[in-house]
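Here are the chains, one letter per residue:
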Amino acid sequence: MTSIETAAVIGLGYIGLPTAAILATNGINVIGVDVNQSTVDAVNRGEVPFVEPDLGVHVAGAVSQGHLKATQDTPAAQAYIVAVPTPFRDDRSADLSFIEAAARGIAPQLQGGELIILESTSPPRATRHLAEYLLDLRPDLSLDGAGGSPVIHVAHCPERVLPGRVMIELVTNDRIVGGLTPEAASLARDLYAVFCKGEILMTDDVTAEMAKLVENSYRDVNIAFANELSVISSKLDIDVWELIRLANHHPRVNILNPGPGVGGHCIAVDPWFIVSAAPTESRLIKTAREVNDAKPGWVVSEVVAVVESLVHGAEVAVLGLAFKANIDDLRESPAIEIAVDLASKLTGNKINIAEPHVRELPSRLQGLENVELMDPIAAVRRSAAVVLLVDHEAFRDVAVHLDGKLLVDTRGFFKG
Ligand code: SAJ
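So what's going on with the overall build of the chain? Residues and values would help.
The helix and strand inventory of the chain stands at 13 helices and 13 strands. For the chain, the proportion of contacts with a sequence separation of at least 24, taken over those separated by at least 6, is 69%. Here the chain displays about 18,700 Å² of accessible surface, and carbon together with sulfur accounts for 52% of that area. Taken as two groups, the 34 positive and 54 negative side-chain charges of the chain have centres that lie 4 Å from each other.

How would you explain the pairing of strand S5 (residues 115-118) if you had to name every residue and give the values?
Of the two faces of S5, the one carrying Leu115 and Ile117 and the one carrying Ile116 and Leu118 are both buried. The sheet contact formed by strand S4 (residues 79-82) and S5 spans four bridges and is parallel. Following the sheet pairing, Ala79 is matched in S5 by Leu115. At this point the chain moves from S4, through helix H4 (residues 97-106), to the parallel S5, and the crossover so formed is right-handed.

Tell me about the site of the ligand, and please be specific about residues and values.
In the vicinity of the ligand, 20 residues are found, and the nearest of them are Glu159, Val161, Lys212, Arg219 and Arg411. Between Val161 and the ligand, the recorded distance is 2.7 Å, taken from a backbone N or O atom to an oxygen atom. At a separation of 2.7 Å, an oxygen atom of the ligand approaches a polar side-chain atom of Arg219. If the ligand stood free it would expose 770 Å²; the protein chains cover 89% of that surface. Within the shell around the ligand, the residues separate by chemical class into nine nonpolar, four polar and seven charged.

So what's going on with the packing of H4 against helix H5 (residues 126-137)? Residues and values would help.
Packing of H4 against H5 brings their axes to within 10 Å, and their N-to-C directions diverge by 40 degrees. As summarised for this structure, H4 and H5 are arranged oblique, according to the angle between their axes. In terms of crossing hand, the pair formed by H4 and H5 is right-handed. Residues Ile99, Glu100, Ala103, Arg104 and Ile106 of H4 touch H5, and the partners they reach there are His129, Leu130, Tyr133, Leu134 and Leu137. When grouped by side-chain class, the residues that make up the contact of H4 with H5 number seven nonpolar, one polar and two charged.

I'd love a proper account of the layout of surface pockets, names of residues and values included.
One way to see where empty space is left: roll a probe the size of a water molecule over the atoms. Taken as a whole, the second largest pocket encloses approximately 460 Å³ of empty space. Those elements that place two or more of their residues in the lining of the second largest pocket are helix H8 (205-236), helix H9 (240-247), helix H11 (283-308) and strand S13 (406-409). It is H11 that provides the largest number of residues to the lining of the second largest pocket, a total of four residues. Tallied by class, residues from the lining of the second largest pocket come to eight nonpolar, five polar and six charged.

Residues and numbers for the packing of H8 against H11, please.
Viewed as axis vectors pointing N to C, H8 and H11 meet at an angle of 40 degrees, and their least axial separation amounts to 8 Å. Viewed along their axes, H8 and H11 adopt a mutual orientation that is oblique. As H8 runs across H11, the sense of the crossing is left-handed. Residue-level inspection shows Ser217, Asp220, Val221, Ile223, Ala224, Asn227, Glu228, Ser230, Val231 and Ser234 of H8 in contact with H11, the latter providing Leu284, Ile285, Ala288, Arg289, Val291, Asn292, Lys295, Trp298 and Glu302. Partitioning the contact of H8 with H11 into residue classes produces nine nonpolar, five polar and five charged.

Describe in detail the domain arrangement of the chain, supporting the description with residues and values.
Assigned domains within the chain: domain 1 (6-198) and domain 2 (215-415). In this structure, domain 1 and domain 2 have C-alpha centres spaced 34 Å apart. Taken together, the contact pairs 17 residues of domain 1 with 14 residues of domain 2. Carbon and sulfur atoms make up 61% of the surface buried where domain 1 meets domain 2, a total of about 1,300 Å² over both sides. Linking domain 1 with domain 2 are one salt bridge, by the criterion used here. Glu215 is the salt-bridge partner of Arg160, the closest N and O atoms lying 2.5 Å from each other. Summed over the shared surface of domain 1 and domain 2, the number is two residue pairs in polar contact (both at pLDDT 80 or more).

Any details on the packing of aromatic side chains? Residues and values, ideally.
Taken as a whole, this structure holds three aromatic pairs when the rule is applied. With centroids separated by 4.4 Å and ring planes inclined at 20 degrees, the aromatic side chains of Tyr14 and Phe50 adopt a geometry described as stacked. Highlighted residues: Tyr14 in the loop between strand S1 (6-10) and helix H1 (16-25) and Phe50 in the loop between helix H2 (37-44) and helix H3 (55-64), separated in sequence by 36 residues. Overall, the relative accessible area of 24% leaves Tyr14 in the partly exposed class. Taken together, a centroid distance of 5.9 Å and an interplanar angle of 70 degrees make the contact between Tyr192 and Phe195 edge-to-face.

Tell me about helix H7 (residues 182-192), and please be specific about residues and values.
Along H7, the residues classified as buried are Ala184, Ala185, Ala188, Leu191 and Tyr192. Summarising the axial view, the buried residues of H7 lie within an arc of 125 degrees, below the 170-degree limit, and thus occupy one face. Check the buried side of H7 and you find it contacts H1, S4, S5, strand S6 (153-156), strand S7 (175-179) and strand S8 (200-204).

Mind laying out H11, listing which residues take part and the relevant values?
Taking 1.5 Å per residue as the helical rise, H11 with its 26 residues ought to reach 38 Å, and the 38 Å between its terminal C-alpha atoms agrees with that figure. Helix geometry: H11 is bent most strongly at Lys295, by close to 30 degrees, with proline Pro296 lying one to four residues after it. Those residues of H11 lying buried are Ala288, Arg289, Asn292, Lys295, Pro296, Val299, Val300, Val303, Val304 and Val307. Along its buried surface, H11 packs onto H8, helix H10 (270-277), strand S9 (316-319), helix H12 (334-345), strand S12 (385-388) and S13.

Tell me what's going on with unusual backbone geometry, and back it up with residues and numbers.
Backbone geometry at Asp54 places phi at a positive 75 degrees, although glycine is not the residue there. The residue Asp54 is located in the loop between H2 and H3 in this model. Within the chain, Arg125 stands out as a residue other than glycine whose phi angle is a positive 80 degrees.

Conventions we followed
Residues numbered from 1 in each chain as written. Predicted model: local features only at pLDDT ≥ 70, side-chain atom pairs only at ≥ 80, totals over all residues. Heavy atoms only, no water. Helix = DSSP H or I, 4+ residues; strand = E, 2+ residues; numbered from the N terminus. Contact = heavy atoms within 4.5 Å. Areas by Shrake-Rupley, 256 points an atom, 1.4 Å probe, with all protein chains shown as cover. Lys, Arg positive; Asp, Glu negative; His and termini not counted. Charge placed at Lys NZ, Arg CZ, Asp CG, Glu CD. Buried < 20%, exposed > 50% of the residue type's maximum accessible area, 1.4 Å probe, protein only. Pairing = 2+ DSSP bridges. Right-handed = clockwise from strand over helix to strand, strands pointing away. Near = heavy atom within 4 Å. Polar contact = N/O pair within 3.5 Å; in protein donor to acceptor, adjacent residues only side chain to side chain. Nonpolar A, V, L, I, M, F, W, Y, C, P; charged D, E, K, R; others polar. Axes fitted to C-alpha atoms, helices over the stretch in contact; angles between N-to-C directions. Parallel < 35°, antiparallel > 145°, perpendicular 65-115°, else oblique. Left-handed = near helix turned anticlockwise from the far one by under 90°. 1 Å grid on protein atoms, 1.4 Å probe; cavity = no way out; pocket = protein on both sides within 12 Å on 5 of 7 lines; lining within 4 Å. Points joined across faces, edges and corners; volume = space filled by probe spheres on them. Domains from an automatic or database assignment. Buried area = accessible area lost by both parts, 1.4 Å probe. Salt bridge = Lys/Arg side-chain N within 4 Å of Asp/Glu carboxyl O. Phe/Tyr/Trp six-rings, centres within 6.5 Å; stacked < 30°, edge-to-face > 60°. Arc of directions from axis to C-beta. Expected span 1.5 Å × (residues − 1). Bend = angle between axes of the 7 residues up to and from the residue.

Right, here's the structure in full:
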């Protein structure tokens, strides 16, 4: 049983808001903190500023019961959960400035006894950095009570939920809790046990940080294998989907799906944190990143070759901009890279983009003369070539309109 009654969640994004909502619907008084006033206002109205199944019901319920409210200012609380972005810099090292900004908000509120959990995906030793940063701001506190000083408890608890299934996986996934001290790990375990029905596994902070990075790198390496097979298969003129389907009949083979590249803010980012921490040793992990990052460029050259075989001025349908199926998240999306590149390479062709999960084109595609957002069937009907970039269910309906058109199906969507 946790003794924590009040928790502040710093960062109300794709992870922070679901975590705040699930804690609140399980009886914890939660104050969500975000720098963005429109996010704060939306949450206080019981609304969710992005698409995630079932999250709206949780937020609306928690706000109406008075268990969840949002503010721009970090309040006093017994626990702080930091769920802010950790992007990478140009040199691919992690940018911890959002974590430091969160710490500057928390530090003045600390009295001793608080639990501070870093949830953001972080490079090795980021949790230690957060603790040291807090203690620099508050030298009257300590991690071990040395000299009778009040203690703060610092832990890392990486999130591992899959966008699109967040509200289910928050409850059912196992969780890793890494404490700077065993007591910090126990306190964090007790807090997550309020809503987590999976196993809660305790370790130290750096192992917890690495576990999260390793999970996403494992997936990245396996997707890179599939993507490499798709390029090899194209060269050998064989169907990669059939190849993988056949190979996967082996009881110990499970090849993932090739695609237009790896997107999202996790799998395409996290492996770099490992590479940055151990550059000489991370050879496979680095190569996998490079293979996946090269895939959008390869798709563009395939599409350009197809379009060159068509009559001059033929229109091209591009289906999907999101980073994966059935979500509205366009961050780090290879589909956008491809669409932008096609628009600049195929200036004599109209690019008809369909993305049923957004109402307007992202800024990088706005104002381009040869690009228009339209509904999927209209896009396909007008076009001589069709490029499927995202396997949104909403695109099933276009299958009957593909006859006579040249198809570049980067996901094998129309095979299934
Ligand atoms: N993809 C492929 N082929 C595949 C699987 C995925 O090309 O066979 C592509 C997707 O289209 C997408 C990208 O990879 O562009 C990533 O998609 P994903 O569904 O594999 O993963 P994410 O980024 O949505 O979420 C991942 C998850 N990590 C793992 O599955 C190991 C999730 O559990 C993590 O919580 C999340 O990263 C995170 O926040 O780190």
